[in-house]
Amino acid sequence: MKTVHEVCNLAGVSARTLHYYDRIGLLKPAAVTEAGYRLYDDGSLERLQQILLFRELEFPLKEIRRILDSADFDRGKALEQQIELLTLKKEHLERLITYAREIQLKGEKYMDFTAFDTSKINEYTKQAKERWGNTEAYREYETKHDSWTEKEMTVISEEFLKIFQEFGALMDQQPESEPVQRQVKKLQDYITEHFYTCTPEILSGLGAMYAADGEFRENIDKAGGEGTAEFTAKAISIFCNC
């Protein structure tokens, strides 16, 4: 566990920023001492990494919170997009530096404005935001999420993880067995009720993400035991192809 002071030194953010992130529900401390001091664990620091990367890409705080809290957020895919966007920004800055040097050498009559073209960055940013925030499912999730209290968010998260604990307890059975398939239906219904309408197509996509290496797989296996994510993905695939 790290204190606010330690996190500030590590991440280069101010205590005021951390307090604000806590207040708006963007980054909650892992624990608070009896004296009221906030403490942050590795999970908190991983979330802070994502926040700071999205901030570098000029995503609004409200949008970052919704992205990170989304049921289909995948840290690995987000990093791929962030790296691509940061690389485009780096190339853009390098072009501007070259352009400024050309002006210095050739004088004010140097009238090439192509270095200011940000269309490629803008297009990729648009695609990234569409990936995270402009789907019908995400808009439905956004509406539901905004109505939750902090206590409701905690309960929903715990209930969602419990579904995967139940998948873990069923791993002695075949994925196509009736109890396991009922559990898939329970998962689909829970997502529809609390997040967004979980169509077979969306459910199939979620199953693929559960099986892929990354944060989803790690969290599901942590809840239900090693192999739960892959087992759940197989059961979902059978359910969606029936």
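Remember, predicted model here, so these are calculated numbers, not experimental data.

Visitor: Would you mind going over a negative patch on the surface in detail, with residue names and values included?
Guide: Residues Asp41, Asp42, Glu46 and Glu218 make up a contiguous surface patch of negative charge. With respect to the secondary-structure elements, Asp41 resides in the loop between strand S3 (38-40) and helix H3 (42-56).

Visitor: Mind laying out the environment of Met171, listing which residues take part and the relevant values?
Guide: Considering the arrangement of structural elements, one finds Met171 in the loop between helix H8 (150-169) and helix H9 (178-194). When its relative accessible area of 29% is taken as the criterion, Met171 is described as partly exposed. Placed 56 residues apart in sequence, Met171 and Gly227 show a C-alpha to C-alpha distance of 8.4 Å. Contacts of Met171, omitting those with residues within four sequence positions, involve Gly224, Gly225, Glu226, Gly227, Thr228 and Phe231.

Visitor: Please set out the pattern of salt bridges residue by residue, giving values where relevant.
Guide: Inspection of every chain in the model, using the stated rule, returns nine salt bridges. A salt bridge links Arg182 to Glu178, with the shortest nitrogen-to-oxygen separation between them at 3.0 Å. Of this pair, Arg182 and Glu178 are both found in helix H9, four residues apart, which corresponds to roughly one turn of the helix. The class for Glu178 is exposed, based on a relative accessible area of 58%. With a shortest N-O distance of 2.7 Å, Asp189 and Lys185 are connected by a salt bridge. Taken as a pair, Asp189 and Lys185 lie in helix H9 at a separation of four residues, close to a single helical turn. Given a relative accessible area of 36%, Asp189 falls into the partly exposed group. Given the relative accessible area of 37%, Lys185 is considered partly exposed. One connected set of salt bridges, linked through shared partners, spans Asp22, Lys28 and Arg38.

Visitor: Could you give an account of the nonpolar core, naming the residues involved and the relevant values?
Guide: Counting 26 residues, the largest nonpolar core has Phe160, Phe167, Leu187, Ile191, Phe195 and Tyr210 as its most contacted members. Elements supplying a minimum of two residues to this core: H8, H9, helix H10 (200-211), helix H11 (215-224) and helix H12 (228-241). In this structure, Phe160 is in contact with Leu187, Tyr190, Ile191, Phe195 and Tyr210, ignoring residues within four places of it in sequence. Core analysis: the second largest hydrophobic core is formed by 22 residues, Val4, Leu27, Phe54 and Leu61 among them.

Visitor: Which residues make up the layout of surface pockets, and what are the values?
Guide: Computed from the structure, the largest pocket encloses a volume of approximately 1,800 Å³. Considering the residues around the largest pocket, the lining is formed by 45 residues, among which Arg47, Leu68, Asp69, Ser157 and Asn219 are closest to the centre. Looking at the lining of the largest pocket, the elements that each hand over two or more residues are H3, helix H4 (61-69), helix H7 (136-146), H8 and H11. At nine residues, H8 tops the list of elements feeding residues into the lining of the largest pocket.

Visitor: Can you lay out the packing of helix H1 (residues 4-11) against helix H2 (residues 15-23) for me, pointing to particular residues and giving the numbers?
Guide: With their axes 9 Å apart at the nearest point, H1 and H2 run at an angle of 110 degrees to one another. Relative to H2, the element H1 is oriented roughly perpendicular. Here H1 runs over H2; the crossing is right-handed. Contacts between H1 and H2 pair Val4, Val7 and Cys8 from the former with Ala15, Leu18 and His19 from the latter. A per-class count over the contact of H1 with H2 returns five nonpolar, one polar and no charged.

Visitor: Now, about the sheet that holds S3: what can you tell me, with residues and values included?
Guide: Here three strands make up an open sheet; going across it, the order is S1-S3-S2 and the pairing antiparallel. What marks the edges here is a single partner per strand, and that holds for strand S1 (2-3) and strand S2 (31-32). Direction of pairing for S1 relative to S3: antiparallel, over a ladder of two bridges. The partner of Lys2 across the bridge, within S3, is Tyr40.

Conventions and cut-offs
- Residues numbered from 1 in each chain as written.
- Predicted model: local features only at pLDDT ≥ 70, side-chain atom pairs only at ≥ 80, totals over all residues.
- Heavy atoms only, no water.
- Patch = residues over 30% accessible without salt bridge, like charges linked within 9 Å, V, L, I, M, F, W, Y side chains within 5 Å.
- Areas by Shrake-Rupley, 256 points an atom, 1.4 Å probe, with all protein chains shown as cover.
- Salt bridge = Lys/Arg side-chain N within 4 Å of Asp/Glu carboxyl O.
- Lys, Arg positive; Asp, Glu negative; His and termini not counted.
- Charge placed at Lys NZ, Arg CZ, Asp CG, Glu CD.
- Helix = DSSP H or I, 4+ residues; strand = E, 2+ residues; numbered from the N terminus.
- Buried < 20%, exposed > 50% of the residue type's maximum accessible area, 1.4 Å probe, protein only.
- Contact = heavy atoms within 4.5 Å.
- Core = buried A, V, L, I, M, F, W, Y, C linked by side-chain atoms within 4.5 Å.
- 1 Å grid on protein atoms, 1.4 Å probe; cavity = no way out; pocket = protein on both sides within 12 Å on 5 of 7 lines; lining within 4 Å.
- Points joined across faces, edges and corners; volume = space filled by probe spheres on them.
- Axes fitted to C-alpha atoms, helices over the stretch in contact; angles between N-to-C directions.
- Parallel < 35°, antiparallel > 145°, perpendicular 65-115°, else oblique.
- Left-handed = near helix turned anticlockwise from the far one by under 90°.
- Nonpolar A, V, L, I, M, F, W, Y, C, P; charged D, E, K, R; others polar.
- Pairing = 2+ DSSP bridges.

The values are spatial; any link to function lies outside them.
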